[in-house]
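Each chain, written out:
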Amino acid sequence: MEREWAARYQPVALEAEGWTGERPRSLPERALAGLVRFCLRKPLGAFGGLLVLLLIGMALLGPGLRMGPLSIPRLAPYHYNEYDIARAHRERFQAPSLEHPMGTDQRGRDVFSRLLYGARISVAIGLGAFAISTVVSTTLTLISAYYVRSVDLLLQRLIEMFNFVPDLLIIGAVFAVKGATPLALALVLGVLGGLNTGRVLRAEVIRIRGLPYVDASKAMGASDWRIIFRHILPNVMFWIIVSATNSVSLAIVAEANLAVLGFGLDPALPTWGNMLDEAREYVRQAPHMAIFPGLMVAMTIFGFRLLGDALRDVLDPRLHGARLRP
Amino acid sequence: MTDYAVRRVLLLLVTLLGGSALLFFAMRTLPPRDAIDLQVPPQTPNAEETKQALRRQLGLDGPLYRQYLSWLKGFFTGDWGKSLHSRRPIVQELKNRLPVSFELGLIGLFFTWAFSFPLGVLSALRQDRPVDYVLRTLAYALDAMPAILIGILLLTYLAVNFGWAPPTTFTYFWDDPWRHVQIMALPTVVVGITSAGNLVRFTRTFLLEVLRQDYIRTARAKGLSEQVVLVRHALRNVALPFITVLGASVPTLLTSSVIVENLFNLPGMGRYTFQALISLDYPVFVTTTVFYAVVILVSQLVTDLAYAWADPRVSYARGTP
């Protein structure tokens, strides 16, 4: 039945999409064409993507890379903790110069090098939180929102109760047990973020679940899993991708917030949050110590936000055809 | 409708009980030490006995569930207990601290509104012209700046260019108005700016959507002036969702104040709760957190009920809690 319908209407649909009868192209070709189309349609989003790529490049190459036979020397001119105690009083708080493009900090360490090392930590936290939160929110929400009457009622109460316990207490407890490592932070932020984005996703799934095409496919005898994966998931996919790009920036902000509250990662690590926190004391002598890490945080969030919004416009099935430009 | 309301209130009570129990037990069992350990230095003679005596005096001995029940009873009867460290009653502290947080949130909200609504409208009216591009870029840039960043960068800028920093000790408005204004100016601006970028974009998108509606075309076709079309027909329809979004951001404003209050040394609720957490002062921490949770949950409930009452399409039948 379904196949018959498709056979009858497919030619029309393909022509409408600009299908000219050429030989089907290979996957890389199509991916490249899609990328070019995205860049042309969404220049701002492409710019955001460029910023994200730049950040990932910094994180990979900044501190140097050694993977088996592959070995790339570090891009950072200095080690993040490199300073000379004997000359520290002369070399500290230097304004940006050719030797130190972003100046030096209170011990005479190179801010630019520290930023590059910090990029790796931030990207690790961000991507870790992103992966965990996407898995948590997608599986939990799809199941919960589909079985609204049984699983959902219990699960939602449980999540509401968990919302009672402030994130700081949970993070503090995990740090006390596991140590204040980037991995522990990514884990906690991922789970907490996943539960939070799940709330919005849940509303969307409940809405779609009541639409006629779900009823229709149920009437045709489709199993629950088929409905969830073939009919509901593709329609909320854009949402999952957009909130995933958001979760990266949220994790990076959370790291900075925790550092300034004194709840952050090991102060010896050159994370952006730790650098911002240290800079607060020396605002008058060395404003560059606050400005450059701040700009990095802002640039990262800016990039992910632009990319996420452009992806939403391209992927959201409801915006297709509308000429909305946010 | 009544069924729905009763169900929601019952569920709220269940959530409150379960959540406060979870919070209480988490606070008492997760940290490896308790507040008394922090008060008695380990080198004092008879440290253990002193601690035991203090615990007995403060009601920290005995089984945990009984302590929870007595805390619960106190919470519902209005006897909220004292801080374990300063021994000051929590209710007294709340009376001093709530106005600070409330002022911060309210003025911050006002700044958000005053900043983002006009700019969003302007951006929509000049769609795809230079003004629009500038405003959109600005909105994105603001969106990319978390409160902490705006705060630190503002402090840096003012310190470097004007050599000015806000006074470090807090004074209430009725003690020294001018000093109070100096203290509160930066934090309120930071709170206000933080969510402004998002709302500029929201207003713009929504106004554009409204301007594309049929009734706007009708109003123009009737020969109404552009101003009347905008004020009477378009803006009214934008204002409602805008207010809903603002209302939804109230809990965020309350919680984001932890960062801003700590950054600017304000004696508000966020700082109180945070300090209670790091000093393991469990009565203060649990009570203030549950207090906030009650405020947020009740406001959510009221919003949902108002929606269900105003919009018949919102299903409040069984199965959609």
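Fair warning: this is a prediction, and the values are worked out from it, not measured in the lab.

Describing the overall build of chain B
Point 1. Each helix and strand counted, chain B has 14 helices and 0 strands in total.
Point 2. The C-alpha atoms of chain B give 25 Å as radius of gyration, which overshoots the globular expectation for 321 residues (20 Å, by more than 25%).
Point 3. Judged by the C-alpha coordinates and their principal axes, chain B covers about 90 × 60 × 35 Å.
Point 4. When the 321 residues of chain B are sorted by exposure, 32% land in the buried category.
Point 5. Long-range contacts, defined as pairs at least 24 residues apart, comprise 71% of the intrachain contacts of chain B with a sequence gap of at least 6.

What about the overall build of chain A?
Point 1. Assigned secondary structure in chain A consists of 12 helices and 2 strands.
Point 2. Counting from the amino terminus, chain A carries its helices and strands in the arrangement α-α-α-β-β-α-α-α-α-α-α-α-α-α.
Point 3. Residues classed as buried in chain A amount to 37% of the 326 residues present.
Point 4. Restricting the contact set of chain A to residue pairs at least 6 apart, pairs at least 24 apart contribute 69%.

Details of the interface of chain A and chain B
Point 1. The partner chain B presents 40 residues to the 36 residues of chain A that form the contact.
Point 2. Of all the secondary structure elements, the ones that give two or more residues to the side of chain A that touches chain B are helix 6 (148–164), helix 7 (167–178), helix 10 (224–261) and helix 12 (288–315) of chain A.
Point 3. Ranked by residues supplied to the side of chain A that touches chain B, first place goes to helix 12 of chain A with 9 residues.
Point 4. The residue inventory of the side of chain A that touches chain B, partitioned by class, reads 27 nonpolar, 3 polar and 6 charged.

A closer look at helix 10 (residues 214–221) of chain B
Point 1. Across the 8 residues that make up helix 10 of chain B, only a small minority, 0, are buried.
Point 2. One or two steps after helix 10 of chain B, the chain reaches G223(B), where phi turns positive at roughly 90°.

Description of unusual backbone geometry
Residues and elements named next belong to chain B.
Point 1. We note that R87 has phi near 60°; this positive angle belongs to a residue other than glycine.
Point 2. In this structure, R87 sits in the loop between helix 4 (64–77) and helix 5 (90–125).
Point 3. One non-glycine residue, N265, adopts positive backbone phi at about 60°.
Point 4. By the element assignment, N265 lies in the loop between helix 12 (250–264) and helix 13 (269–278).
Point 5. Residue classification places N265 among the partly exposed positions, given that 14 C-beta atoms sit within 10 Å.

Details of the packing of helix 1 (residues 2–29) of chain B against helix 4 of chain B
All names here are of chain B.
Point 1. Direction vectors running N to C along helix 1 and helix 4 enclose 130°, while the axes themselves pass 11 Å from each other. As summarised for this structure, helix 1 and helix 4 are arranged oblique, according to the angle between their axes. Between helix 1 and helix 4 the crossing geometry is right-handed. On helix 4, the residues that touch S20, A21, F24, F25 and R28 of helix 1 are L64, Y68, W71 and L72.
Point 2. Across the contact of helix 1 with helix 4, the residue classes break down as 7 nonpolar, 1 polar and 1 charged.

A word on helix 3 (residues 43–61) of chain A
All names here are of chain A.
Point 1. The terminal C-alpha atoms of helix 3, which comprises 19 residues, lie 26 Å apart, in line with the 27 Å expected from a rise of 1.5 Å per residue.
Point 2. Every buried residue of helix 3 is accounted for by G45, G48, G49, V52, L55, M58 and A59.
Point 3. On the buried face of helix 3, the contacting elements are helix 2 (27–41), helix 5 (111–146) and helix 12.

Quick word on the environment of H85(B)
Residues and elements named next belong to chain B.
Point 1. Residue position: H85 is located in the loop between helix 4 and helix 5.
Point 2. A C-alpha to C-alpha distance of 49 Å links H85 and R136, two positions 51 residues apart in sequence.
Point 3. Residue contacts for H85: discarding those within four places in its chain leaves A35, Q39, S279 and D281.

With respect to the domain arrangement of chain B
Often, the extent of an interface is quoted as the loss of accessible area on bringing the components together.
Point 1. We note that the domain assignment places domain 1 (1–85 + 280–321) and domain 2 (96–278) within chain B.
Point 2. Inter-centroid distance (C-alpha atoms) of domain 1 of chain B to domain 2 of chain B is 31 Å.

So, the nonpolar core
Point 1. A251(A), A256(A) and L276(A) are the most contacted members of the largest nonpolar core, which totals 124 residues.
Point 2. Here this core spans two domains, and each of domain 1 (1–85 + 280–321) and domain 2 (96–278) of chain B adds at least three residues to it.

Things to note about the confidence of the model for chain A
Residue and element names in this part refer to chain A.
Point 1. Looking at chain A as a whole, the pLDDT averages 79, with 89% of positions reaching at least 70.
Point 2. Of all helices and strands in chain A, the one with the weakest mean pLDDT is helix 1 (residues 2–16) (55), whereas helix 9 (residues 212–219) scores best (89).
Point 3. Considering only residues more than four positions removed or in separate chains, one finds that residues 321–326, a stretch of pLDDT under 50, has 7 contacts.

Re the confidence of the model for chain B
Interpreting fine coordinate detail is not advised for predicted regions of low pLDDT.
Residues and elements named next belong to chain B.
Point 1. Model confidence for chain B is summarised by a mean pLDDT of 82, while 92% of its residues fall at 70 or above.
Point 2. The low-confidence segment residues 316–321 (pLDDT under 50) makes 11 contacts with residues lying over four places distant or belonging to another chain.
Point 3. At the level of chain-chain contacts, confidence expressed as ipTM amounts to 0.76, with global pTM at 0.78.

Here's the deal with the packing of helix 7 (residues 147–162) of chain B against helix 8 (residues 177–194) of chain B
Residue and element names in this part refer to chain B.
Point 1. The contact between helix 7 and helix 8 brings their axes to 9 Å, and the two run at 140°. If you check the angle between helix 7 and helix 8, you find them oblique. As for how helix 7 packs across helix 8, the hand of that crossing is right-handed. Contact residues: A147, I150, G151 and L154 in helix 7; L186, V190, V191, I193 and T194 in helix 8.

What counts and how
- Residues numbered from 1 in each chain as written.
- Chains lettered and ligands numbered in written order.
- Predicted model: local features only at pLDDT ≥ 70, side-chain atom pairs only at ≥ 80, totals over all residues.
- Helix = DSSP H or I, 4+ residues; strand = E, 2+ residues; numbered from the N terminus.
- Rg over C-alpha atoms; globule rule 2.2 N^0.38 Å.
- Buried ≥ 20, exposed ≤ 12 C-beta atoms within 10 Å, placed from the backbone.
- Contact = placed C-beta atoms within 7 Å.
- Nonpolar A, V, L, I, M, F, W, Y, C, P; charged D, E, K, R; others polar.
- Axes fitted to C-alpha atoms, helices over the stretch in contact; angles between N-to-C directions.
- Parallel < 35°, antiparallel > 145°, perpendicular 65-115°, else oblique.
- Left-handed = near helix turned anticlockwise from the far one by under 90°.
- Expected span 1.5 Å × (residues − 1).
- Domains from an automatic or database assignment.
- Core = buried A, V, L, I, M, F, W, Y, C linked by C-beta atoms within 7 Å.
- pLDDT = per-residue confidence, 0-100.

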